[in-house]
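Listed below, chain by chain, are the residues.
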Amino acid sequence: MAENGEEKLIAVARHIAKTLGHTDNMADDILQIFSNFDGRLREKLSEKLGDEDPRGCVAFEQTLKSLDRQITRYVASDHPIWSDSADSSAFLDAVDELLAAIRDWTPMSGEKTVAACLDRADDLLQQAMFRLEDEFKSLMERGGESFDLTRYQNGELATNYSFDSEEDEDEDGEMIGSGGEDHQIPVAHPISDYDIVIDALPSVTVNDLREIAKRMVAAGFGKECSHAYSSCRREFLEESLSRLGLQKLSIEEVHKMPWSDLEDEIERWIKAVNVALRILFPSERRLCDRVFFGFSSAADLSFMEVCRGSTIQLLNFADAVAIGSRAPERLFKVLDVFETLGDLMPEFEAMFSDQNKYCLFLGNEAVTIWKRLGEAIRGIFMELENLIRRDPAKTAVPGGGLHPITRYVMNYLRAACRSRQTLEQVFEESIAPRGDRSLSSSSSSLSVQMAWIMELLESNVESKSKIYRDPALCYVFMMNNGRYIVQKVKDSELGSLLGDDWIRKHNAKVRQYHVNYQRSSWNRVLGVLKTDNSSLASNVAASKGLKEKLKLFNTLFEEIYKTQSTWVIFDEQMREEMRISVAGTLSPAYRNFLGRLQVAPDNGKHTEKHIRYSVEDLEARINEFFQGSGGSAGSRK
């Protein structure tokens, strides 16, 4: 029954179609009406009608002929279609009509005549797409010519200022401007506010590009459109980085650069990566979203293709720095690169988030290289440790002064701790417990690292002190270096890292070195000045012994004076404290000795000739101690 009813319905439809078939569209309209009830019915109707009327797609053919004439005329034109708005509108209308025809007739592609028409339509569509791609590129290039890239040169934002005077002097002292007329002169100012969006293409151009992109995506040419877009914008982005002073360098070229040149290149990189991530890339993202509005996949693909090369160039440079030499002097520039990349992580995440499948690998690569820079910083500190260990104890510092390794390490650590927050972050996950056991278990990883380096330095200085044959000079050397270490710790972030207990402990060490110096230098002299009070007044022999003691004192003091006046105490306060301490110990003993000598029996006239120094003379000589061989106590920087 169902089959019989279907046959009757088909017969009716065939009759209606025959009756109305002399028009272009009505037969197809009848098929469409019936197919709304059942898609299978349309296929059967098409087959039946096709058997009796081989011109079943006559309407499609006529549409194609009309569109072919319109589209071919524009495709073959030597002039840009978008130079005339009427032409561009007509061309897009023709493309829209072609797309609609293909869409409407594709369900009947099983019919041979329809399939042949569809093949012709596809060929025509392809020609139209090629021309649209050319027009797209042309609009991109013409629109980009209106953008003044020099406004963003060298990481600076140039703005125009009018100069009314005949001459003005620029920052470098050169005269700019000329007489008579006002001149708009671009003056560059460093970019401090990165909340800038570049409209690199005029709004009218963006609208035209969007209309083209809409058709190309609808026709299945989205990738071709993205490639056309990205090839133009990529060129702009690469030129922007070049104008910011950034060179295209391979990792090998970076490693071969002299350090002074690499320092300059790092400065340029810092400017470039900030402008790129905070101005250029967001502007490119915005432009992609405007051109490919409504087509997020095409926008994401275009943005990735535009920014990939420049991003890889920026990241490869940072990577080259990370895997390069770990000489200690490179720490501060590596810290600059690490901090810059870390500060830009929110921008990397925003630009290359997991919402954009095409760009995710760039964001991941940025994180990887940032972590690698952290490893490089830890490696540089390990190299500093090795440098301290390997520094040989060959030649003694004249006068027991400050050793170069002490000055170098302490100034190095003091400078490094200006980046304390960054270093805390770097060492937080990597430092195993070691170093000074006096630090609390709650001490940060950076505190432990710094304590360990201080321990290595102290051990190195102690080994160097053993070069001195004179024990007193050995203690002076340890005092100088110990005092310098404590001062540098107290006057910097090292103090809060190592803590008050560490400072008290090392101040006590310096005081002990002072006590040891006093003993080794002056105990024998003080022993000479001791007298036997019980027998002194009546014993003539004892009186003669006092004179001998005075001669011995004079000899010993002169030897010490000759030697220790060339020794060095670099710190003025400590030098004065040392002199006061020596005088405070020696002067009372010497004054008491002279008093005993003067009241001794058989003193007579000849006693005065044995007294070379008054107490005042002695103290004056003591005040000349620790001046250094050149009369200077040396540098403490």
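Keep in mind that what you see is a predicted model, and the values were worked out from it rather than measured.

**Q** Give a description of the overall build of the protein chain that names residues and reports values.
**A** When helices and strands are counted, the protein chain shows 24 helices and four strands. Of all 637 residues assigned to the protein chain, the portion counted as buried reaches 46%. Contacts spanning at least 24 positions in sequence make up 79% of the contacts within the protein chain whose residues lie at least 6 apart. With an accessible surface of roughly 32700 Å², the protein chain has 48% of that area assigned to carbon and sulfur atoms.

**Q** Give me the lowdown on the side chain of Ser302, citing residues and values where you can.
**A** Within the secondary structure layout, Ser302 lies in helix α11 (residues 296-322). Residues contacting Ser302, with those up to four places away along its chain left out, are Ser226, Tyr229, Ser230, Cys288 and Phe292.

**Q** Tell me about unusual backbone geometry, residues and numbers included.
**A** Positioned with a positive phi, Phe626 is a non-glycine residue whose angle comes to about 60 degrees. Among the secondary structure elements, Phe626 is positioned in the segment after α24 (615-622).

**Q** Can you tell me about the packing of aromatic side chains, naming the residues and giving the values?
**A** Applying the stated rule across the entire model yields 22 aromatic pairs. Their ring planes at 65 degrees and their centres at 5.9 Å tell us that Tyr517 and Phe626 sit as a pair that is edge-to-face. Taken as a pair, Tyr517 in helix α20 (residues 500-529) and Phe626 in the segment after α24 lie far apart in primary sequence, 109 residues in all. For the residue pair Tyr517 and Phe626, the accessibility class agrees, reading buried in each case. One aromatic cluster is present, formed by Tyr517, Trp522, Phe553, Phe557, Tyr561, Tyr590, Tyr613, Phe625 and Phe626 through successive ring pairs.

**Q** Kindly report on the pattern of salt bridges, identifying the contributing residues and their values.
**A** Within the structure shown, the criterion is met by 26 salt bridges. Close ionic contact of Asp300 with Arg285 constitutes a salt bridge, the shortest N to O distance being 3.1 Å. One end of the pair, Asp300, is in helix α11; the other, Arg285, is in helix α10 (residues 259-291), and 15 residues separate them in sequence. Assigned by exposure class, Asp300 and Arg285 land together as buried. Of the charged contacts, one joins Lys551 and Glu548 as a salt bridge, the two residues approaching to 4.0 Å between their closest N and O atoms. Within this pair, Lys551 and its partner Glu548 are both found in helix α22 (residues 540-564), separated by three residues, close to a single helical turn. The class of Lys551 is partly exposed, set by a relative accessible area of 39%.

**Q** Let's hear about the packing of α11 against helix α12 (residues 331-343): which residues, and what values?
**A** Two elements in contact, α11 and α12, have axes whose closest approach is 10 Å; the angle formed by their N-to-C orientations is 140 degrees. With respect to their mutual orientation, α11 and α12 come out oblique. For the pair α11 and α12, the crossing hand works out as left-handed. Residues Leu315, Ala318 and Val321 of α11 lie in contact with α12, whose contacting residues are Val334, Val337 and Leu341.

**Q** Just give me the short version of the nonpolar core, but keep the residues and values in it.
**A** Core analysis: the largest hydrophobic core is formed by 176 residues, its most contacted members being Phe136 and Phe381. The dominant element in this core, judged by the number of residues it contributes, is α10, at 16 residues. Apart from residues no more than four positions distant in its own chain, Phe381 is found in contact with Leu331, Leu413, Ala416, Leu423, Phe427, Gln449, Met450 and Ile453.

**Q** Outline the packing of helix α18 (residues 471-490) against helix α23 (residues 572-599), listing residues and values.
**A** The description of two helices packed together rests on the angle between their axes and the distance between the axes. Contact pair α18 / α23: the axes reach a minimum separation of 11 Å and the direction vectors enclose 140 degrees. Regarding the angle of α18 to α23, the classification is oblique. By crossing handedness, the relation of α18 to α23 is classed as right-handed. Taken together, the residues of α23 that come into contact with α18 (itself represented by Met479, Asn480 and Arg483) are Gln573, Met574, Glu577 and Met578. Class assignment for the residues of the contact of α18 with α23 results in three nonpolar, two polar and two charged.

**Q** Before we move on, can you summarise helix α17 (residues 445-465) with the specific residues and values?
**A** End to end, α17 covers 31 Å across 21 residues, agreeing with the expected 30 Å (1.5 Å per residue, within 8%). Most of α17 is tucked away: 17 of the 21 residues are buried.

**Q** Explain the environment of Met578 to me, and be specific about the residues and the numbers.
**A** Structurally, Met578 can be placed in helix α23. A C-alpha to C-alpha distance of 9.1 Å links Met578 and Gln518, two positions 60 residues apart in sequence. Those residues in contact with Met578, other than ones at most four positions away along the chain, are Met479, His514, Tyr517, Ile569 and Phe626.

**Q** A description of helix α4 (residues 58-75) should follow, citing residues and the corresponding values.
**A** In this model α4 runs 25 Å from its N-terminal to its C-terminal C-alpha over 18 residues, within 8% of the 26 Å that 1.5 Å per residue would give. Three or more residues of α4 are buried, namely Val58, Ala59, Phe60, Leu64, Leu67, Ile71 and Tyr74.

**Q** Before we move on, can you summarise the confidence of the model for the protein chain with the specific residues and values?
**A** Of the residues in the protein chain, 75% reach a pLDDT of 70 or more, and the chain-wide mean stands at 81. Confidence drops under pLDDT 50 across residues 48-54; counting only partners more than four residues distant or on other chains, this segment forms eight contacts. Note on residues 157-190: pLDDT under 50 across the span, and 55 contacts to partners over four residues away in sequence or across chains.

**Q** How would you explain the side chain of Ser230 if you had to name every residue and give the values?
**A** In this fold, Ser230 is placed in helix α8 (residues 222-243). Those residues in contact with Ser230 that lie beyond four places of it in its chain are Ser302, Glu305 and Val306.

Cut-off values and rules
Residues numbered from 1 in each chain as written. Predicted model: local features only at pLDDT ≥ 70, side-chain atom pairs only at ≥ 80, totals over all residues. Heavy atoms only, no water. Helix = DSSP H or I, 4+ residues; strand = E, 2+ residues; numbered from the N terminus. Buried < 20%, exposed > 50% of the residue type's maximum accessible area, 1.4 Å probe, protein only. Contact = heavy atoms within 4.5 Å. Areas by Shrake-Rupley, 256 points an atom, 1.4 Å probe, with all protein chains shown as cover. Phe/Tyr/Trp six-rings, centres within 6.5 Å; stacked < 30°, edge-to-face > 60°. Salt bridge = Lys/Arg side-chain N within 4 Å of Asp/Glu carboxyl O. Axes fitted to C-alpha atoms, helices over the stretch in contact; angles between N-to-C directions. Parallel < 35°, antiparallel > 145°, perpendicular 65-115°, else oblique. Left-handed = near helix turned anticlockwise from the far one by under 90°. Core = buried A, V, L, I, M, F, W, Y, C linked by side-chain atoms within 4.5 Å. Nonpolar A, V, L, I, M, F, W, Y, C, P; charged D, E, K, R; others polar. Expected span 1.5 Å × (residues − 1). pLDDT = per-residue confidence, 0-100.

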